[in-house]
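Here is how the chains run, residue by residue.
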Amino acid sequence: MAEHSNVGFDFQRAFDGLFRESYGRIAAALAKEFRDLELAEDSLQEALEVAAGRWPQEGLPENAAGWLYVVARRKAIDQLRKQARQSKRTQSAAMEPPPPDSGLSGMYGAPGPADERLSLIFACCHPAISEPAQIALTLHTLTGVSTAEIAAGFLLKETAVAQRIVRAKRKIKEAGIPFSIPDIESAPERLDSVLSVIYLIFNAGYTAHKGSKLIKINLCDEALFLSRMLAQLLPGNSEIRGLLALLLFQHSRRHARVAEDGSPVLLGFQDRSLWDKDQIREAIKVLGSNPESDSGAYSLQARIAAVHATSPDARQTNWMEILQLYDQLQTIHPTAVVILNRSVAISKAIGPLEALESLEDLDLARELDNYRYYHSTRAEFLLELARKSEAIKSFQRALELTENEQERVHLKRRIESAN
């Protein structure tokens, strides 16, 4: 097997890149072959440990992904044989080598077939698995993020995350959840759950629920990685492209969203020269392949984000176009949060009084009473209407519900400026 020299070679960078691109692909191939995700990941971890011991001295193999797959597969077979000896059972059929024409042979040369990773993500996001476990399992198996990193990202105990992942893997095995791609046209809710998990991962990074930092860029990056992967595996799906475009537009603002002291900078006050132009161009290109007739929830949100991204400055934003897009979004996706976001467009396009009236529905107020952004948004409308005492009460309610330290700093400043 040909190998690279270590001379002038950044091993760690190359290894990290290989890990990022190949971990999910190899784990998916092994899980589908052995029908056991826990065995697949344990074997891959052992293979990575072998690589970490050998490759710094020997150099990366010419086909490092294939090398890892072969070693991991042997580890899996060794483990199955050990279990068979211990239980005095005959060896499992899963120990037999794959047929010569198996797609896994692609691991040795050209990229293997796409459906292994796609099958894995649908297994991870199966409705039989709880949503928190879906998120942890997807991050862990598709991107190789450690339990410690997931725990840090969501401010959870590492043991709790590890338990979720273990339980989810066993659920897949015990319930016989298939590593297969469902018929998305007849069961679109299966794809919806996958997209929802990726979106939740991104949102957890976009504005951290707790902690001292506003943004957790690593979670946003992982969500982008997963959405790009899906777009490559299912290129004909408009909602996947819509989600990818939306995340790109949103993440393009990351450098402008945080002030020097770490506090948030609202959209209208951001320095747009700090927006990532490459990500905006990529998002526009992705969204450009979506005809306007493809108006799913993610596509519409991406089109709203595109209006912001292509406006020269905040004052020239076409808020009436944004309001029209929100009208369409509310028709197909009438959630409380969509109604809240639409109220901001009403405020900018028509006026704060009309925006405030759109939030006065008692059912909506009850549903969003524990949602900090409902109260802070309502407070801004009240402040524009010079109803300062009511605005301060709404800001204070938002402050009570806010656990992110930087958002608390922002709300305290808004209360001070309203007095």
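Rules of the game
Numbering of residues starts from 1 in every chain and runs along the sequence as written. Residues qualify for local features only when their pLDDT is at least 70, as the model is predicted, and side-chain atom pairs are given and counted only at 80 or more; totals for whole chains, interfaces and linings, by contrast, use all residues. As a rule here, side-chain values come from all non-hydrogen atoms in the structure, and water together with hydrogens is ignored. We count a stretch as a helix when DSSP gives it H or I for four or more residues in a row; a strand needs E for two or more, and each element gets its number in order from the N terminus. Note on exposure labels: buried denotes an accessible area under 20% of the residue type's maximum, exposed denotes more than 50%, and partly exposed covers the range between, all computed with a 1.4 Å probe on protein chains only. We call two residues in contact whenever any of their non-hydrogen atoms come within 4.5 Å of each other. Accessible surface is estimated by sampling points in the Shrake-Rupley manner with a 1.4 Å probe; for residues, cover comes only from the protein chains shown. Salt bridge, as used here: a side-chain nitrogen of Lys or Arg that lies within 4 Å of a carboxyl oxygen of Asp or Glu. The pocket and cavity definitions rest on a 1 Å grid over protein atoms only: a 1.4 Å probe that fits but cannot leave marks a cavity, an open set with protein on both sides within 12 Å along at least five of seven lines marks a pocket, and residues lining either have an atom within 4 Å of a point. Grid points are joined across faces, edges and corners, and a volume is the space filled by probe spheres set on the points. Here the term charged refers only to Asp, Glu, Lys and Arg, the term nonpolar to Ala, Val, Leu, Ile, Met, Phe, Trp, Tyr, Cys and Pro, and the term polar to all other amino acids, Gly among them. Put simply, buried Ala, Val, Leu, Ile, Met, Phe, Trp, Tyr and Cys residues joined by side-chain atoms within 4.5 Å make one nonpolar core. Patch rule: a residue counts if its relative accessible area is over 30% and it has no salt bridge; like charges are joined within 9 Å, and nonpolar side chains (Val, Leu, Ile, Met, Phe, Trp, Tyr) within 5 Å. All tallies of charge rest on Lys and Arg as positive and Asp and Glu as negative; His and the ends of each chain are not included. For charged residues, the charge sits on one atom: NZ in Lys, CZ in Arg, CG in Asp, CD in Glu. Confidence scores here are pLDDT values: one per residue, from the predictor, ranging 0 to 100. By convention, a stacked pair of Phe, Tyr or Trp rings (six-membered ring in the case of Trp) has centres within 6.5 Å and planes under 30 degrees apart, an edge-to-face pair has planes over 60 apart, and any other such pair is tilted. To sit over a ring, a charge needs its Lys NZ or Arg CZ within 6 Å of the ring centre and within 35 degrees of the ring normal. Polar contact is defined as a pair of N or O atoms within 3.5 Å, subject to the rule that within protein one atom must be able to donate a hydrogen and the other to accept it, and that residues adjacent in sequence are counted only when both atoms are side-chain atoms. Each axis is a line fitted through C-alpha atoms, and for a helix only the stretch in contact is used; angles between axes span 0 to 180 degrees, taken between their N-to-C directions. The cut-offs work like this: below 35 degrees is roughly parallel, past 145 is roughly antiparallel, 65 to 115 is roughly perpendicular, and the gaps in between are oblique. Each crossing gets its handedness from the near helix: less than a right angle anticlockwise from the far helix is left-handed, clockwise is right-handed. In this analysis, the expected span of each helix is defined as 1.5 Å times one less than the number of residues it contains.

Draft legend 1. Structural view of the overall build of the protein chain. Helices and strands together make up the secondary structure of the protein chain, namely 19 helices and two strands. Counting every position in the protein chain, which comprises 419 residues, the buried fraction comes to 51%. When contacts within the protein chain are restricted to residue pairs at least 6 apart in sequence, long-range pairs at least 24 apart make up 66% of them. Surface summary for the protein chain: the accessible area is close to 20600 Å², and the carbon and sulfur share equals 51%.

Draft legend 2. Main features of the pattern of salt bridges. Applying the stated rule across the entire model yields 18 salt bridges. Put simply, Asp363 and Arg366 hold a salt bridge, and the shortest N to O gap is 2.5 Å. Of this pair, Asp363 and Arg366 are both found in helix H16 (residues 362-367), three residues apart, which corresponds to roughly one turn of the helix. Residues Arg397 and Glu400 are paired through a salt bridge, measuring 3.2 Å at the closest nitrogen-oxygen approach.

Draft legend 3. Seen up close, empty space enclosed by the protein. What the rule picks out here adds up to one cavity of 30 Å³ or more. Here the largest cavity is characterised by a volume of approximately 40 Å³. Among the elements that make up the lining of the largest cavity, the one with the highest residue count is helix H1 (residues 11-34) (five residues). In terms of residue class, the lining of the largest cavity is built from seven nonpolar, one polar and no charged.

Draft legend 4. Main features of the nonpolar core. One finds Trp55, Leu68, Ile121, Ile198 and Phe249 to be the most contacted residues of the largest nonpolar core, which totals 91 residues. By residue number, the principal contributor to this core is helix H3 (residues 64-87), which donates eleven residues. Residue contacts for Leu68: discarding those within four places in its chain leaves Leu18, Ile26, Ala47, Leu48, Ala51 and Trp55. With 24 residues, the next largest nonpolar core counts Ala297, Leu323, Tyr326 and Val338 among its residues.

Draft legend 5. Expanded view of a negative patch on the surface. Among the surface-exposed residues, Asp42, Glu46, Glu49 and Asp78 lie close enough to one another that they form a single negatively charged patch. Residue contributions to the negative patch peak at three residues, all from helix H2 (residues 37-58).

Draft legend 6. Layout of the confidence of the model for the protein chain. With 89% of its residues at a pLDDT of 70 or more, the protein chain shows a mean pLDDT of 86. In this model residues 1-8 is a low-confidence stretch, pLDDT under 50, and it forms 19 contacts with partners more than four residues away in sequence or in other chains.

Draft legend 7. Examining the packing of aromatic side chains more closely. Applying the stated criterion to the full structure yields four aromatic pairs. On the basis of an interplanar angle of 80° and a centroid distance of 5.5 Å, the ring pair of Tyr371 and Tyr373 is categorised as edge-to-face. Owing to a relative accessible area of 28%, Tyr371 belongs among the partly exposed residues under this scheme. For the cation-ring pair, Arg253 lies above Trp275, with the distance from its terminal atom to the ring centre recorded as 5.7 Å. The ring of Tyr206 has Arg257 lying over it, and the distance from NZ or CZ to the ring centre is 3.6 Å.

Draft legend 8. Just the environment of Val258, in detail. Mapped onto the fold, Val258 is located in the loop between helix H10 (238-251) and helix H11 (277-288). Along the primary structure Val258 and Lys213 are separated by 45 residues, whereas in three dimensions their C-alpha atoms are 9.3 Å apart. Beyond its immediate sequence surroundings of up to four residues, Val258 is in contact with Leu214, Ile215, Ser263 and Val265.

Draft legend 9. Expanded view of the side chain of Glu407. Along the polypeptide, Glu407 turns up in helix H19 (residues 405-418). Exposure remark for Glu407: the relative accessible area of 10% places this residue in the buried category. Within the structure, the side chain of Glu407 is placed 2.9 Å from the side chain of Arg372, a separation counted as a polar contact. Those residues in contact with Glu407 that lie beyond four places of it in its chain are Thr207, Leu214, Pro264, Arg372, Tyr373 and Thr402.

Draft legend 10. Seen up close, the packing of helix H5 (residues 131-143) against helix H6 (residues 147-154). Direction vectors running N to C along H5 and H6 enclose 135°, while the axes themselves pass 10 Å from each other. Relative to H6, the element H5 is oriented oblique. Here the hand of the crossing between H5 and H6 comes out right-handed. Contacts between H5 and H6 involve Ile135, Ala136, Leu139 and His140 on the former and, on the latter, Thr147, Ile150 and Phe154. Counted by class, the contact of H5 with H6 contains five nonpolar, two polar and no charged residues.

Draft legend 11. Region of interest: the side chain of Gln250. Looking at the element boundaries, Gln250 is found in helix H10. What makes Gln250 buried here is its relative accessible area of 19%. Residue contacts for Gln250: discarding those within four places in its chain leaves Phe202, Tyr206 and Ala305.

Draft legend 12. Local environment of the packing of H10 against helix H12 (residues 297-309). Look at H10 against H12: their axes get within 7 Å of each other, and the N-to-C directions meet at 30°. Where H10 crosses over H12, the two elements pack in a sense that is left-handed. Counting all contacts with H10, which are made through Ser238, Glu239, Gly242, Leu243, Ala245, Leu246, Phe249 and Gln250, the residues of H12 involved are Ala297, Tyr298, Ser299, Gln301, Ala302, Ala305, Ala306 and Ala309. Residues of the contact of H10 with H12, tallied by class, amount to ten nonpolar, five polar and one charged.

Draft legend 13. Layout of H19. An ideal rise of 1.5 Å per residue puts 20 Å on 14 residues; H19 measures up with 20 Å between its terminal C-alpha atoms. Within the span of H19, buried status applies to Gln406, Glu407, His410, Leu411, Ile415 and Ala418. Those residues of H19 that are buried lie in contact with helix H17 (372-384), helix H18 (388-401) and strand E2 (403-404). The backbone nitrogen of Gln406 has a side-chain oxygen 3.0 Å away, supplied by the residue at the start of H19, namely Asn404.

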